[in-house]
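Each chain, written out:
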Amino acid sequence: MAAKHVVVIGAGAVGAASALAALKEGYRVTILDPGEPGGEQAASYGNGCWLSPMSVIPPAVPGIWKKLPKFLSDPLGPLAIRWGYLPKVAPWLIRYLASGWRWEDVAKTAGALRPLVQDAPRLHKALADQAGVGHLIERRGLMYIYPSRAEFEAERKSWDIRHQVGVRWIELDADELRQREPELERRYGFGIFVDEGGHCTDPGAYVAALIALAQAEGAKLHRDHATGFRIEAGRLLAVTTGQGEVACDAAVTAAGVHSKPLARAAGDDVPLESERGYHAEISAPEVSPRHGLMPSDGKMSIMRTARGLRCAGQVEIAGIDAAPNWQRAEILKNHLLGCFPGLPRDLPAERVKFWLGHRPSMPDGMPCLGPSRATPDVIHAFGHGHTGLVGAARTGEVVGALLAGRSPPIPIAAFDSRRFKAFF
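Worth saying up front: this structure is predicted, and the values here are computed from it rather than measured.

Draft legend 1. Focus on the sheet that holds strand E12 (residues 235-241). An order of E11-E12-E13 is seen for the 3 strands of this open sheet, with the pairing classed as antiparallel. Looking along the sheet, the strands with just one partner apiece sit at the ends: strand E11 (226-232) and strand E13 (244-247). Here the strands of the sheet are splayed against their neighbours by 30° on average, with no regard to which way each runs. As paired strands, E11 and E12 are joined by 6 bridges and run antiparallel to one another. Bridge assignment links Gly 228 to a residue of E12, and that residue is Thr 240.

Spelled out as C-alpha coordinates, the structure:
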(Lines give C-alpha, C1' and ligand atoms only; values in the text may rest on other atoms or scores of the structure.)
Protein backbone atom coordinates (compact mmCIF):
# COMPACT_ATOMS: atom_id res chain seq x y z
CA MET A 1 0.00 0.00 0.00
CA ALA A 2 1.34 3.42 -0.95
CA ALA A 3 2.21 5.79 1.88
CA LYS A 4 -0.38 8.40 2.67
CA HIS A 5 0.25 11.84 1.24
CA VAL A 6 0.26 15.05 3.30
CA VAL A 7 0.51 18.56 1.88
CA VAL A 8 2.22 21.09 4.15
CA ILE A 9 1.14 24.60 3.20
CA GLY A 10 3.98 26.97 4.09
CA ALA A 11 7.78 26.65 4.10
CA GLY A 12 8.49 28.76 7.18
CA ALA A 13 9.79 27.51 10.51
CA VAL A 14 6.49 25.85 11.46
CA GLY A 15 5.97 24.35 8.01
CA ALA A 16 9.52 23.00 7.91
CA ALA A 17 9.22 21.34 11.31
CA SER A 18 5.81 19.94 10.37
CA ALA A 19 7.12 18.52 7.09
CA LEU A 20 9.98 16.76 8.87
CA ALA A 21 7.58 15.36 11.44
CA ALA A 22 5.27 14.06 8.71
CA LEU A 23 8.19 12.37 6.97
CA LYS A 24 9.17 10.76 10.27
CA GLU A 25 5.65 9.32 10.49
CA GLY A 26 6.06 7.71 7.08
CA TYR A 27 3.99 10.13 5.00
CA ARG A 28 4.78 11.26 1.50
CA VAL A 29 5.12 15.02 1.78
CA THR A 30 4.56 17.93 -0.57
CA ILE A 31 5.44 21.43 0.65
CA LEU A 32 3.54 24.28 -1.00
CA ASP A 33 4.96 27.79 -0.87
CA PRO A 34 5.40 30.40 -3.60
CA GLY A 35 8.45 31.94 -1.92
CA GLU A 36 12.05 30.95 -1.31
CA PRO A 37 12.42 28.91 1.91
CA GLY A 38 14.14 31.14 4.45
CA GLY A 39 13.93 34.11 2.08
CA GLU A 40 13.47 37.72 3.11
CA GLN A 41 9.73 37.55 2.45
CA ALA A 42 9.30 35.10 5.33
CA ALA A 43 8.57 36.07 8.93
CA SER A 44 11.16 33.54 10.10
CA TYR A 45 13.93 35.36 8.23
CA GLY A 46 13.92 38.62 10.13
CA ASN A 47 12.77 37.81 13.64
CA GLY A 48 14.67 38.53 16.84
CA CYS A 49 16.52 35.17 16.77
CA TRP A 50 15.47 34.31 20.33
CA LEU A 51 14.65 30.74 21.36
CA SER A 52 12.91 31.93 24.47
CA PRO A 53 11.22 29.36 26.74
CA MET A 54 9.96 32.30 28.82
CA SER A 55 7.90 33.77 25.96
CA VAL A 56 4.62 32.95 27.70
CA ILE A 57 3.14 36.39 28.46
CA PRO A 58 0.62 37.51 25.81
CA PRO A 59 1.09 40.94 24.20
CA ALA A 60 -1.92 42.39 26.02
CA VAL A 61 -1.86 42.61 29.82
CA PRO A 62 -4.20 44.33 32.29
CA GLY A 63 -4.30 48.09 31.88
CA ILE A 64 -2.99 48.17 28.32
CA TRP A 65 -6.35 49.59 27.19
CA LYS A 66 -5.37 52.86 28.88
CA LYS A 67 -2.62 53.24 26.29
CA LEU A 68 -4.93 52.87 23.30
CA PRO A 69 -5.11 56.65 22.61
CA LYS A 70 -1.31 56.74 22.50
CA PHE A 71 -1.20 53.76 20.14
CA LEU A 72 -3.46 55.67 17.77
CA SER A 73 -1.71 59.02 18.08
CA ASP A 74 1.95 57.98 17.99
CA PRO A 75 2.89 56.32 14.68
CA LEU A 76 6.41 55.64 15.96
CA GLY A 77 5.58 54.11 19.35
CA PRO A 78 6.50 50.49 20.24
CA LEU A 79 2.92 49.54 19.39
CA ALA A 80 1.16 51.64 16.77
CA ILE A 81 -2.18 51.32 14.97
CA ARG A 82 -2.66 53.17 11.70
CA TRP A 83 -5.86 55.23 11.78
CA GLY A 84 -6.96 54.13 8.34
CA TYR A 85 -6.80 50.47 9.33
CA LEU A 86 -8.71 50.89 12.61
CA PRO A 87 -12.22 50.08 11.27
CA LYS A 88 -11.01 46.79 9.83
CA VAL A 89 -8.93 45.75 12.84
CA ALA A 90 -11.40 46.89 15.53
CA PRO A 91 -12.92 43.42 16.21
CA TRP A 92 -9.44 41.91 16.53
CA LEU A 93 -8.37 44.76 18.77
CA ILE A 94 -11.36 44.30 21.08
CA ARG A 95 -10.52 40.63 21.49
CA TYR A 96 -6.85 41.53 21.95
CA LEU A 97 -7.63 43.86 24.85
CA ALA A 98 -10.15 41.47 26.38
CA SER A 99 -7.76 38.51 26.33
CA GLY A 100 -5.45 40.25 28.81
CA TRP A 101 -8.09 42.07 30.85
CA ARG A 102 -7.32 40.15 34.07
CA TRP A 103 -4.10 38.70 35.38
CA GLU A 104 -5.94 35.39 35.74
CA ASP A 105 -6.36 35.38 31.96
CA VAL A 106 -2.68 36.10 31.45
CA ALA A 107 -1.73 33.27 33.81
CA LYS A 108 -3.98 30.86 31.92
CA THR A 109 -2.35 31.81 28.62
CA ALA A 110 1.12 31.42 30.16
CA GLY A 111 0.23 27.94 31.37
CA ALA A 112 -0.88 26.96 27.88
CA LEU A 113 2.15 28.44 26.09
CA ARG A 114 4.87 27.16 28.40
CA PRO A 115 4.80 23.53 27.13
CA LEU A 116 4.92 24.83 23.54
CA VAL A 117 8.15 26.77 24.09
CA GLN A 118 9.80 24.85 26.92
CA ASP A 119 13.10 23.17 26.05
CA ALA A 120 13.09 24.91 22.66
CA PRO A 121 16.89 25.31 22.34
CA ARG A 122 17.40 21.55 22.72
CA LEU A 123 14.63 20.70 20.26
CA HIS A 124 15.93 23.15 17.67
CA LYS A 125 19.51 21.99 18.15
CA ALA A 126 18.42 18.43 17.36
CA LEU A 127 16.70 19.56 14.16
CA ALA A 128 19.64 21.76 13.17
CA ASP A 129 22.10 18.90 13.75
CA GLN A 130 20.03 16.66 11.47
CA ALA A 131 20.14 19.39 8.80
CA GLY A 132 23.90 19.86 9.16
CA VAL A 133 23.62 23.37 10.60
CA GLY A 134 23.95 22.68 14.30
CA HIS A 135 26.26 25.68 14.64
CA LEU A 136 23.29 28.00 14.01
CA ILE A 137 21.68 27.10 17.35
CA GLU A 138 23.36 28.28 20.54
CA ARG A 139 22.38 28.24 24.19
CA ARG A 140 24.09 31.05 26.05
CA GLY A 141 21.09 32.23 28.00
CA LEU A 142 19.01 35.36 27.43
CA MET A 143 18.98 38.56 29.43
CA TYR A 144 16.43 41.26 30.18
CA ILE A 145 18.09 44.51 31.17
CA TYR A 146 16.68 47.43 33.16
CA PRO A 147 17.98 50.87 34.18
CA SER A 148 17.28 49.89 37.79
CA ARG A 149 15.59 47.29 39.93
CA ALA A 150 12.58 49.61 40.22
CA GLU A 151 11.84 49.17 36.49
CA PHE A 152 11.98 45.41 36.97
CA GLU A 153 9.60 45.61 39.94
CA ALA A 154 7.14 47.49 37.72
CA GLU A 155 6.94 44.31 35.61
CA ARG A 156 6.98 41.97 38.62
CA LYS A 157 3.51 40.55 38.00
CA SER A 158 4.51 39.20 34.60
CA TRP A 159 7.65 37.68 36.07
CA ASP A 160 5.68 36.11 38.92
CA ILE A 161 3.48 34.40 36.34
CA ARG A 162 6.55 33.17 34.47
CA HIS A 163 7.81 31.74 37.75
CA GLN A 164 4.47 30.00 38.34
CA VAL A 165 4.82 28.11 35.05
CA GLY A 166 8.40 27.05 35.72
CA VAL A 167 10.68 29.80 34.39
CA ARG A 168 13.73 30.40 36.60
CA TRP A 169 16.27 33.21 36.47
CA ILE A 170 19.22 34.90 38.16
CA GLU A 171 19.05 38.53 39.22
CA LEU A 172 22.12 40.64 38.37
CA ASP A 173 23.16 43.88 40.04
CA ALA A 174 25.09 46.56 38.17
CA ASP A 175 28.52 44.97 38.78
CA GLU A 176 27.37 41.48 37.78
CA LEU A 177 25.66 42.88 34.70
CA ARG A 178 28.85 44.68 33.71
CA GLN A 179 30.90 41.49 34.12
CA ARG A 180 28.61 39.62 31.76
CA GLU A 181 28.17 42.48 29.25
CA PRO A 182 31.12 44.87 29.55
CA GLU A 183 30.27 46.77 26.34
CA LEU A 184 26.75 47.65 27.47
CA GLU A 185 25.76 51.27 28.15
CA ARG A 186 26.18 51.96 31.86
CA ARG A 187 22.68 53.34 32.34
CA TYR A 188 21.54 49.73 32.69
CA GLY A 189 21.99 48.73 36.30
CA PHE A 190 19.90 45.59 36.75
CA GLY A 191 19.45 42.39 34.78
CA ILE A 192 17.49 39.15 34.68
CA PHE A 193 19.45 36.22 33.25
CA VAL A 194 17.49 33.16 32.05
CA ASP A 195 19.92 30.32 31.55
CA GLU A 196 17.54 28.04 29.61
CA GLY A 197 17.23 30.54 26.77
CA GLY A 198 19.00 30.14 23.45
CA HIS A 199 19.12 31.70 20.02
CA CYS A 200 19.48 31.06 16.31
CA THR A 201 22.26 33.03 14.65
CA ASP A 202 20.66 32.92 11.18
CA PRO A 203 16.93 32.03 11.15
CA GLY A 204 16.68 32.32 7.37
CA ALA A 205 19.52 29.89 6.75
CA TYR A 206 18.16 27.57 9.44
CA VAL A 207 14.72 27.34 7.86
CA ALA A 208 16.24 26.89 4.41
CA ALA A 209 18.36 24.03 5.76
CA LEU A 210 15.33 22.32 7.32
CA ILE A 211 13.44 22.48 4.03
CA ALA A 212 16.51 21.15 2.20
CA LEU A 213 16.65 18.27 4.71
CA ALA A 214 12.98 17.51 4.10
CA GLN A 215 13.65 17.44 0.35
CA ALA A 216 16.64 15.16 0.85
CA GLU A 217 14.35 12.80 2.76
CA GLY A 218 11.84 12.73 -0.08
CA ALA A 219 9.59 15.77 0.30
CA LYS A 220 8.61 17.66 -2.84
CA LEU A 221 8.67 21.47 -2.86
CA HIS A 222 6.12 23.14 -5.15
CA ARG A 223 6.31 26.91 -5.65
CA ASP A 224 2.62 27.65 -5.65
CA HIS A 225 -0.18 29.30 -3.65
CA ALA A 226 -2.67 27.06 -1.88
CA THR A 227 -6.17 28.47 -2.39
CA GLY A 228 -8.37 26.00 -0.50
CA PHE A 229 -9.40 22.38 -0.11
CA ARG A 230 -11.64 19.84 -1.77
CA ILE A 231 -13.48 18.16 1.07
CA GLU A 232 -16.24 15.61 0.50
CA ALA A 233 -18.21 13.75 3.19
CA GLY A 234 -15.88 15.07 5.85
CA ARG A 235 -12.71 13.77 4.18
CA LEU A 236 -9.97 15.76 2.46
CA LEU A 237 -9.40 14.79 -1.15
CA ALA A 238 -7.12 17.57 -2.38
CA VAL A 239 -5.54 20.94 -1.74
CA THR A 240 -6.47 23.43 -4.45
CA THR A 241 -3.82 25.73 -5.89
CA GLY A 242 -3.46 28.34 -8.58
CA GLN A 243 -2.31 25.59 -10.93
CA GLY A 244 -4.88 22.93 -10.07
CA GLU A 245 -5.38 20.33 -7.38
CA VAL A 246 -2.85 18.35 -5.35
CA ALA A 247 -4.49 15.10 -4.30
CA CYS A 248 -3.70 14.17 -0.71
CA ASP A 249 -4.92 12.40 2.41
CA ALA A 250 -4.08 15.19 4.88
CA ALA A 251 -2.93 18.80 4.93
CA VAL A 252 -1.23 21.13 7.39
CA THR A 253 -2.01 24.84 7.21
CA ALA A 254 1.21 26.60 8.22
CA ALA A 255 1.05 29.59 5.89
CA GLY A 256 1.63 32.22 8.55
CA VAL A 257 -0.21 35.47 8.01
CA HIS A 258 -1.78 34.04 4.82
CA SER A 259 -3.55 31.23 6.69
CA LYS A 260 -6.87 32.98 7.35
CA PRO A 261 -8.62 32.18 4.02
CA LEU A 262 -7.33 28.61 4.19
CA ALA A 263 -8.75 28.21 7.70
CA ARG A 264 -12.08 29.55 6.43
CA ALA A 265 -12.01 27.02 3.60
CA ALA A 266 -11.68 24.33 6.28
CA GLY A 267 -14.65 25.65 8.24
CA ASP A 268 -12.95 27.98 10.72
CA ASP A 269 -13.36 31.76 10.79
CA VAL A 270 -10.36 32.94 12.78
CA PRO A 271 -9.26 36.46 13.81
CA LEU A 272 -5.78 36.29 12.34
CA GLU A 273 -3.96 39.59 11.97
CA SER A 274 -0.50 40.80 10.98
CA GLU A 275 1.61 42.29 13.75
CA ARG A 276 4.12 44.01 11.52
CA GLY A 277 7.62 43.89 12.96
CA TYR A 278 10.86 45.57 11.89
CA HIS A 279 14.53 44.99 12.36
CA ALA A 280 17.74 46.95 11.92
CA GLU A 281 20.98 45.04 11.47
CA ILE A 282 24.47 46.54 11.57
CA SER A 283 27.15 44.70 9.64
CA ALA A 284 30.69 44.29 11.00
CA PRO A 285 29.69 45.72 14.41
CA GLU A 286 32.38 47.16 16.66
CA VAL A 287 30.77 45.45 19.67
CA SER A 288 29.66 41.89 20.30
CA PRO A 289 27.23 41.24 23.17
CA ARG A 290 27.67 37.83 24.74
CA HIS A 291 23.97 37.15 25.23
CA GLY A 292 20.68 37.99 23.66
CA LEU A 293 19.45 41.17 25.32
CA MET A 294 16.07 42.83 25.75
CA PRO A 295 16.19 46.39 27.14
CA SER A 296 13.11 47.33 29.16
CA ASP A 297 13.17 50.85 27.75
CA GLY A 298 13.02 49.59 24.17
CA LYS A 299 11.06 46.31 24.30
CA MET A 300 13.16 44.94 21.47
CA SER A 301 15.59 42.06 21.17
CA ILE A 302 19.30 42.54 20.50
CA MET A 303 21.30 39.65 19.13
CA ARG A 304 24.63 39.06 17.40
CA THR A 305 23.79 37.17 14.21
CA ALA A 306 25.75 35.63 11.37
CA ARG A 307 25.30 38.90 9.46
CA GLY A 308 25.91 41.46 12.19
CA LEU A 309 24.19 42.96 15.20
CA ARG A 310 20.39 42.83 14.96
CA CYS A 311 17.80 44.80 16.87
CA ALA A 312 14.27 43.53 16.25
CA GLY A 313 10.88 44.53 17.56
CA GLN A 314 8.07 47.02 17.15
CA VAL A 315 4.42 46.14 16.62
CA GLU A 316 2.55 47.97 13.89
CA ILE A 317 -1.08 47.14 13.12
CA ALA A 318 -1.64 48.20 9.51
CA GLY A 319 -2.40 45.05 7.54
CA ILE A 320 -0.35 43.19 4.97
CA ASP A 321 -0.48 45.64 2.10
CA ALA A 322 0.41 48.99 3.72
CA ALA A 323 3.77 50.51 2.80
CA PRO A 324 6.59 50.21 5.35
CA ASN A 325 7.28 53.07 7.72
CA TRP A 326 11.06 52.89 7.81
CA GLN A 327 11.21 55.49 10.57
CA ARG A 328 10.25 52.62 12.85
CA ALA A 329 13.38 50.76 11.79
CA GLU A 330 15.41 53.95 12.34
CA ILE A 331 14.16 53.94 15.93
CA LEU A 332 15.50 50.42 16.35
CA LYS A 333 18.87 51.42 14.92
CA ASN A 334 19.09 54.46 17.20
CA HIS A 335 18.18 52.41 20.23
CA LEU A 336 20.88 49.92 19.33
CA LEU A 337 23.42 52.75 19.11
CA GLY A 338 22.23 53.99 22.48
CA CYS A 339 22.81 50.60 24.10
CA PHE A 340 26.46 50.33 23.06
CA PRO A 341 28.83 53.31 23.30
CA GLY A 342 31.31 51.40 21.17
CA LEU A 343 29.14 51.68 18.07
CA PRO A 344 29.92 54.73 15.90
CA ARG A 345 27.16 57.30 15.60
CA ASP A 346 27.99 58.05 11.97
CA LEU A 347 27.35 54.61 10.51
CA PRO A 348 27.28 54.68 6.70
CA ALA A 349 23.96 53.59 5.22
CA GLU A 350 25.48 50.56 3.53
CA ARG A 351 26.28 49.06 6.94
CA VAL A 352 22.66 49.13 8.13
CA LYS A 353 19.96 46.85 6.73
CA PHE A 354 16.27 47.45 7.46
CA TRP A 355 13.59 44.78 7.19
CA LEU A 356 9.82 44.46 7.68
CA GLY A 357 7.91 41.23 8.24
CA HIS A 358 4.51 39.98 9.35
CA ARG A 359 3.95 38.08 12.58
CA PRO A 360 0.81 35.94 12.14
CA SER A 361 -1.01 36.81 15.37
CA MET A 362 -4.15 35.72 17.12
CA PRO A 363 -5.58 38.31 19.53
CA ASP A 364 -5.04 36.17 22.61
CA GLY A 365 -1.36 35.50 21.89
CA MET A 366 -1.86 31.77 21.27
CA PRO A 367 -1.68 29.86 17.97
CA CYS A 368 -4.33 27.83 16.24
CA LEU A 369 -3.03 24.28 16.54
CA GLY A 370 -5.19 21.24 15.98
CA PRO A 371 -7.77 19.73 13.63
CA SER A 372 -10.03 21.97 11.59
CA ARG A 373 -13.79 22.14 12.02
CA ALA A 374 -14.54 20.66 8.59
CA THR A 375 -12.31 17.59 8.83
CA PRO A 376 -9.56 16.13 11.01
CA ASP A 377 -7.59 15.66 7.80
CA VAL A 378 -6.76 19.39 7.79
CA ILE A 379 -4.56 20.41 10.70
CA HIS A 380 -4.11 24.05 11.65
CA ALA A 381 -0.60 25.14 12.68
CA PHE A 382 -0.50 28.92 12.39
CA GLY A 383 -0.97 32.15 14.32
CA HIS A 384 2.01 31.80 16.66
CA GLY A 385 2.61 35.55 16.79
CA HIS A 386 5.70 36.21 18.90
CA THR A 387 6.41 32.47 19.41
CA GLY A 388 6.73 31.33 15.80
CA LEU A 389 10.39 30.37 15.72
CA VAL A 390 10.70 29.26 19.32
CA GLY A 391 7.50 27.19 19.19
CA ALA A 392 8.09 25.66 15.75
CA ALA A 393 9.94 22.55 16.88
CA ARG A 394 7.30 21.48 19.39
CA THR A 395 4.55 22.39 16.92
CA GLY A 396 6.10 19.96 14.46
CA GLU A 397 5.92 17.22 17.09
CA VAL A 398 2.25 18.01 17.70
CA VAL A 399 1.51 17.88 13.97
CA GLY A 400 3.29 14.54 13.63
CA ALA A 401 1.28 13.05 16.47
CA LEU A 402 -2.03 14.32 15.08
CA LEU A 403 -1.24 12.92 11.64
CA ALA A 404 -0.47 9.54 13.21
CA GLY A 405 -3.63 9.55 15.33
CA ARG A 406 -1.75 9.78 18.61
CA SER A 407 -2.30 12.14 21.51
CA PRO A 408 -0.10 15.23 21.15
CA PRO A 409 2.99 15.48 23.38
CA ILE A 410 1.58 18.63 25.01
CA PRO A 411 -1.95 19.82 25.84
CA ILE A 412 -3.42 21.73 22.87
CA ALA A 413 -7.04 22.30 23.89
CA ALA A 414 -6.31 26.00 24.53
CA PHE A 415 -5.15 26.34 20.91
CA ASP A 416 -8.40 25.10 19.35
CA SER A 417 -9.44 27.44 16.52
CA ARG A 418 -13.07 27.19 17.66
CA ARG A 419 -12.32 29.23 20.79
CA PHE A 420 -13.34 32.43 19.01
CA LYS A 421 -16.88 33.72 18.59
CA ALA A 422 -18.51 33.62 15.18
CA PHE A 423 -18.65 37.41 14.66
CA PHE A 424 -14.88 37.40 14.14
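Don't stop here, the text continues.
Draft legend 2. Expanded view of the pattern of salt bridges. Within the structure shown, the criterion is met by 29 salt bridges. In this structure, the salt-bridge partner of Arg 406 is Glu 25, at a minimum N-O distance of 2.9 Å. With Arg 406 in the segment after helix H12 (388-404) and Glu 25 in the loop between helix H1 (13-24) and strand E2 (28-32), the pair connects residues that are 381 residues apart, well separated along the chain. Accessibility expressed as a relative area gives 43% for Arg 406, which makes it partly exposed. One salt bridge connects Asp 416 with Arg 418, and the closest N-O pair in it is separated by 3.0 Å. Note on Asp 416: relative accessible area 26%, which makes it partly exposed. Arg 418 sits in the partly exposed class, given a relative accessible area of 41%. Three or more residues are tied together by salt bridges with common partners; here these are Arg 149, Glu 153, Arg 156, Asp 160 and Glu 171.

Draft legend 3. Focus on empty space enclosed by the protein. Taken as a whole, this structure holds 1 cavity of 30 Å³ or more when the rule is applied. The wall of the largest cavity is formed by Leu 79, Ile 81, Trp 92, Leu 93, Tyr 96, Val 315 and Ile 317. Mapped by element, the contributors of at least two residues to the lining of the largest cavity are strand E4 (79-81), helix H3 (86-99) and strand E18 (309-317). Here the element with the most residues in the lining of the largest cavity is H3; it accounts for 3 residues. Partitioning the lining of the largest cavity into residue classes produces 7 nonpolar, no polar and no charged.

Thresholds applied
- Residues numbered from 1 in each chain as written.
- Predicted model: local features only at pLDDT ≥ 70, side-chain atom pairs only at ≥ 80, totals over all residues.
- Heavy atoms only, no water.
- Pairing = 2+ DSSP bridges.
- Helix = DSSP H or I, 4+ residues; strand = E, 2+ residues; numbered from the N terminus.
- Axes fitted to C-alpha atoms, helices over the stretch in contact; angles between N-to-C directions.
- Salt bridge = Lys/Arg side-chain N within 4 Å of Asp/Glu carboxyl O.
- Buried < 20%, exposed > 50% of the residue type's maximum accessible area, 1.4 Å probe, protein only.
- 1 Å grid on protein atoms, 1.4 Å probe; cavity = no way out; pocket = protein on both sides within 12 Å on 5 of 7 lines; lining within 4 Å.
- Points joined across faces, edges and corners; volume = space filled by probe spheres on them.
- Nonpolar A, V, L, I, M, F, W, Y, C, P; charged D, E, K, R; others polar.

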